[in-house]
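Examining the three-dimensional arrangement
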Amino acid sequence: DYLRGKVGICTEFVNIAGKHAEIVGNCLLNTVKNRERQLIVVQAAYDGISTYQCGVGTVLLNSLDVIQELSEDFKGIVNIKNYLITPNYRHLTSFSEGLYLKNKTICSKMQGDLFEVCSGEEGNFQNEFGTPGNWRSATNEAARLCVCIAENNQCADVLVIAHDTAFAQLPLVLSKEKKKNINSVWVPH
C-alpha cells in the first residue's frame, strides 16, 4: 500500500492517467517482486531539462522531484537511476546553463546522465519546438540511447517517459526494438 501510495503521488504530479499510471506502478511493483532491485527512469523532453518555457518543463521538473523522493524512500529496496534526454539547445537564447547543470547533477547523483541529442539533417532546432524533421531525428537518437541504457542494465526495468509532441513517436520506435526490459509511455501535454 505504501508503494501504491507513492505511485499515486507520481501520477498526480505527472498527470498520467489510467493505463500510464498502471505501467509506472507495475514497473515499481515488478522490480520489488522480482527482487531485481533496479529501476531506470529515462525522460525525454524538449523543455525542463536545459530550457524552461512552458508546462512541459513544469511537469518534467515535478516528476523529477518525485523520482528523487521515490529513490530516497526505497533506498535499499529499489535502486532508481535517472536519465534525461533533450535536444541540444545551447545555441538558443532560452538555454539555461543553470538548469542544465542542476539536472545533470541530479542525474549524476542518481547514477544516470543527461544527454543532448542532435536534430539531424534539418539542423538544430531553430526554436524550442522544432519541426517534424527535428522530432524524427531527436526521437531516433533518443531511442538509440534508451536501447544502449537497457542493454547496459539488463537486470533493470527501464521506464521511458516521452514528453509532448517532439518525442511522441518514441514509444513506437522503442516497441520495434523488442527489448523486454523497456516499458515506455508518451505523456501528451
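The structure we're discussing is the one just above.
Predicted model, so just to flag it, every value in this text is computed and none were measured.

**A short note on the overall build of the chain**
Across its full length, the chain carries six helices and five strands. Ordered by position from the N terminus, the helices and strands of the chain form the series α-α-β-α-β-α-β-α-β-α-β. Within the chain, buried positions represent 51% of all 189 residues. For the chain, the share of sequence-separated contacts (at least 6 apart) that also reach a separation of at least 24 residues comes to 72%. Approximately 9000 Å² of the chain is accessible, and the part contributed by carbon and sulfur atoms is 50%.

**With respect to the environment of Arg 136**
You can see Arg 136 is positioned in helix H5 (residues 132-152). In this structure Arg 136 comes out as exposed when scored by relative accessible area, which is 54%. Along the primary structure Arg 136 and Val 173 are separated by 37 residues, whereas in three dimensions their C-alpha atoms are 9.9 Å apart.

**Digging into the packing of aromatic side chains**
Each aromatic ring pair is summarised here by two numbers: the centre-to-centre distance and the angle between the ring planes. Summed over the entire model, instances satisfying the criterion amount to two aromatic pairs. Note on Phe 95 and Tyr 100: the rings are 5.9 Å apart at their centroids and 45° apart in plane angle, and the pair reads as tilted. Residue classification places Tyr 100 among the buried positions, given a relative accessible area of 8%. The aromatic ring of Tyr 100 is capped on one face by Arg 90, whose charged end is 4.5 Å from the ring centroid.

**Thoughts on the nonpolar core**
Ranked by size, the top nonpolar core spans 52 residues in total, and within it Val 42, Ile 80, Ile 85, Val 160, Phe 167, Leu 170 and Leu 174 carry the most contacts. In terms of residues, this core owes the most to one element, H5, which gives eight residues. Contacts of Ile 85, omitting those with residues within four sequence positions, involve Val 42, Gln 43, Ala 44, Ala 45, Ile 49, Phe 115, Val 117, Ala 142, Leu 145 and Cys 146.

**Focus on the state of the cysteines**
Summed over all chains, the structure comprises zero disulfides. For Cys 146, which is in no disulfide, the shortest distance to another cysteine sulfur is to Cys 148 and amounts to 9.4 Å.

**Concerning the pairing of strand S5 (residues 182-187)**
Strand direction decides the pairing type here: strand S4 (residues 157-163) and S5, joined by six bridges, are parallel. Paired with Val 158 across the strands is Ile 182, a residue of S5. Between S4 and its parallel partner S5, the chain crosses via helix H6 (residues 170-175), and the hand of that crossover is right-handed.

**Looking at unusual backbone geometry**
With a phi close to 60°, Gln 111 is a non-glycine residue in the positive phi region. Its relative accessible area of 45% is what places Gln 111 among the partly exposed residues. With a phi close to 55°, Lys 178 is a non-glycine residue in the positive phi region. By the secondary structure assignment, Lys 178 is in the loop between H6 and S5. When its relative accessible area of 66% is taken as the criterion, Lys 178 is described as exposed.

**Quick word on helix H4 (residues 97-109)**
Helical periodicity: at 3.6 residues per turn, an α-helix aligns residues three or four positions apart in one direction. Helix length check: H4, at 13 residues, gives a terminal C-alpha distance of 18 Å against a target of 18 Å (1.5 Å per residue), a fit within 8%. Those residues of H4 that sit buried are Leu 99, Tyr 100, Asn 103, Ile 106 and Cys 107. Down the axis of H4, the buried set is contained in an arc of 130°. They therefore lie on one face. Across H4 from its buried face, at more than 90 degrees, point the exposed residues Ser 108 and Lys 109.

The rules behind the values
Residues numbered from 1 in each chain as written. Predicted model: local features only at pLDDT ≥ 70, side-chain atom pairs only at ≥ 80, totals over all residues. Heavy atoms only, no water. Helix = DSSP H or I, 4+ residues; strand = E, 2+ residues; numbered from the N terminus. Buried < 20%, exposed > 50% of the residue type's maximum accessible area, 1.4 Å probe, protein only. Contact = heavy atoms within 4.5 Å. Areas by Shrake-Rupley, 256 points an atom, 1.4 Å probe, with all protein chains shown as cover. Phe/Tyr/Trp six-rings, centres within 6.5 Å; stacked < 30°, edge-to-face > 60°. Lys NZ or Arg CZ within 6 Å of the ring centre and 35° of its normal. Core = buried A, V, L, I, M, F, W, Y, C linked by side-chain atoms within 4.5 Å. Disulfide = S-S within 2.5 Å. Pairing = 2+ DSSP bridges. Right-handed = clockwise from strand over helix to strand, strands pointing away. Expected span 1.5 Å × (residues − 1). Arc of directions from axis to C-beta.

Scope: geometric values only; no functional claims are made or implied.
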